[in-house]
Amino acid sequence: MDTLSEWKDYLYDLSDESWVDVVYDSAKTAGTLDGQLLALPYSSEACGIIYNKDLFEQAGITEIPDTLTELEEACKKLEDAGIQAFGETYMVYGFAMHALSAEFAYELELNPDVVEGLYNKENSLNDFSITENWYKYIDLTLDYGLGKNSITYSADDQIADFAAGKIAMIKQGTWLADSILKTNPDINFGLMAIPLTDNEEETKLMVSSATNVLCVYKDSENLDAALYFIQWFVENAETYLVELGDIAPPFEGVDTSSLSALNQDMNQYISDNKAFDGFGMEDWPTGFTEDLLAPIQAYCAGQADAEATNEALTEKFYTRLD
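Source: prediction; values computed, not measured.

Scoring rules and cut-offs
- Residues numbered from 1 in each chain as written.
- Predicted model: local features only at pLDDT ≥ 70, side-chain atom pairs only at ≥ 80, totals over all residues.
- Heavy atoms only, no water.
- Helix = DSSP H or I, 4+ residues; strand = E, 2+ residues; numbered from the N terminus.
- Rg over C-alpha atoms; globule rule 2.2 N^0.38 Å.
- Buried < 20%, exposed > 50% of the residue type's maximum accessible area, 1.4 Å probe, protein only.
- Contact = heavy atoms within 4.5 Å.
- Areas by Shrake-Rupley, 256 points an atom, 1.4 Å probe, with all protein chains shown as cover.
- Lys, Arg positive; Asp, Glu negative; His and termini not counted.
- Charge placed at Lys NZ, Arg CZ, Asp CG, Glu CD.
- Core = buried A, V, L, I, M, F, W, Y, C linked by side-chain atoms within 4.5 Å.
- Axes fitted to C-alpha atoms, helices over the stretch in contact; angles between N-to-C directions.
- Parallel < 35°, antiparallel > 145°, perpendicular 65-115°, else oblique.
- Nonpolar A, V, L, I, M, F, W, Y, C, P; charged D, E, K, R; others polar.
- Pairing = 2+ DSSP bridges.

### Concerning the overall build of the protein
- From N to C terminus, the protein includes 15 helices and 10 strands.
- On C-alpha atoms alone, the protein measures out to a radius of gyration of 20 Å, which is about the 20 Å that the 2.2 N^0.38 rule sets for 322 residues.
- Across the 322 residues of the protein, 48% fall into the buried class.
- Residue pairs in contact within the protein that sit at least 24 positions apart in sequence constitute 75% of those at least 6 positions apart.
- Taken as a whole, the protein presents about 14900 Å² of accessible surface, with 44% of it coming from carbon and sulfur.
- Seen as two clouds, the 16 positive and the 60 negative side-chain charges of the protein have centres 5 Å apart.

Given below as structure tokens:
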């Protein structure tokens, strides 16, 4: 996942460009290596739980769950109202990747030394303080969702069923807004943080600006033109990102009022200082994102318990560090 370090020898240092001051500091971090700004992050994305506001209202849920206990209570209310709470697609490595990254995002905030120990091969995922609660959350998505069938449930089916109002919640992100709205333009939906503790102050939305970036080849024959394009790109972000792409650029002075509900909710979490700086997976070793799927599927299928799953994930993590 640490792509920037792999390409650093080929990238132009953008640190002194005139547009740098309008980029949020949190976004600059995603494009900075060894004190040099080597990439322009041009979109902010958030990963959390997309929920159907109308189904919440039908179930008598009047407030967004801010704790793990409140999330379980919401699931019970939905079940009592005859509404399926979750519909998750653990057949897709990208979905499982973002689910696991939530555990890392929390642990990096609460106990960063434990995460560092994993990268140093001194700790395992069993040492994470948040791991028990993470499995409680996963169990909620299974028990109040599709159970073992979650590992054969496709992303297309998930989008279609959520857009049709068949399920109340999906662990997804802002990138799914367009697909859902194309299927159901009238859906009343929102985005909330994944609660992994019973302390609402610790519940934050995973927000990253590292997913989409622009870089410039330092030895390009058209260096001036490339730099001019990036300047133009930043100056016209409102038109070409916000209005045409429903993309939230991490730039100051851009009117984002026309963004979809999911992006609006993301911006509110950011404004309230209730957002993690990243998804927690930014420094994962290359290849681990694909490796993690099999152990998580084994857990979802009831073939491995939490401890064994953590051991399998840790082994694959260590292997990719080599």
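### Notes on the nonpolar core
- One finds Met169 and Ile180 to be the most contacted residues of the largest nonpolar core, which totals 96 residues.
- By residue number, the principal contributor to this core is helix H5 (residues 93-110), which donates nine residues.
- Not counting residues within four places of it along the chain, the set of residues in contact with Ile180 comprises Ile50, Ile159, Phe162, Ala163, Ile170, Ile187 and Phe189.

### Some details on the packing of helix H10 (residues 223-235) against helix H11 (residues 237-245)
- Following both chains from N to C, one finds H10 and H11 inclined at 60°, their axes separated by 5 Å at the closest point. By the angle class used here, H10 and H11 are oblique. Counting all contacts with H10, which are made through Trp232, Phe233, Val234 and Glu235, the residues of H11 involved are Ala237, Tyr240 and Leu241.
- Residue composition of the contact of H10 with H11, by class: six nonpolar, no polar and one charged.

### Thoughts on the pairing of strand S7 (residues 189-192)
- Residues Phe189 and Leu191 line one face of S7 and the alternating positions Gly190 and Met192 line the opposite face, and both faces are buried.
- Inspection of the sheet shows strand S4 (residues 45-52) paired to S7 by four bridges, in the antiparallel sense. From the neighbouring strand, Ile49 faces S7, where its bridge partner is Met192.

### Considerations on unusual backbone geometry
- For Asp34, which is not glycine, the phi dihedral falls at a positive 55°.
- For Asp34, the location among the structural elements is in the loop between strand S1 (32-33) and strand S2 (36-37).
- Residues other than glycine seldom take positive phi values, yet Lys121 does so here, at roughly 60°.
- Tracing the backbone through its elements, the reader meets Lys121 in the loop between helix H6 (112-119) and helix H7 (131-146).
- According to the relative accessible area criterion, Lys121 is partly exposed, its value standing at 38%.

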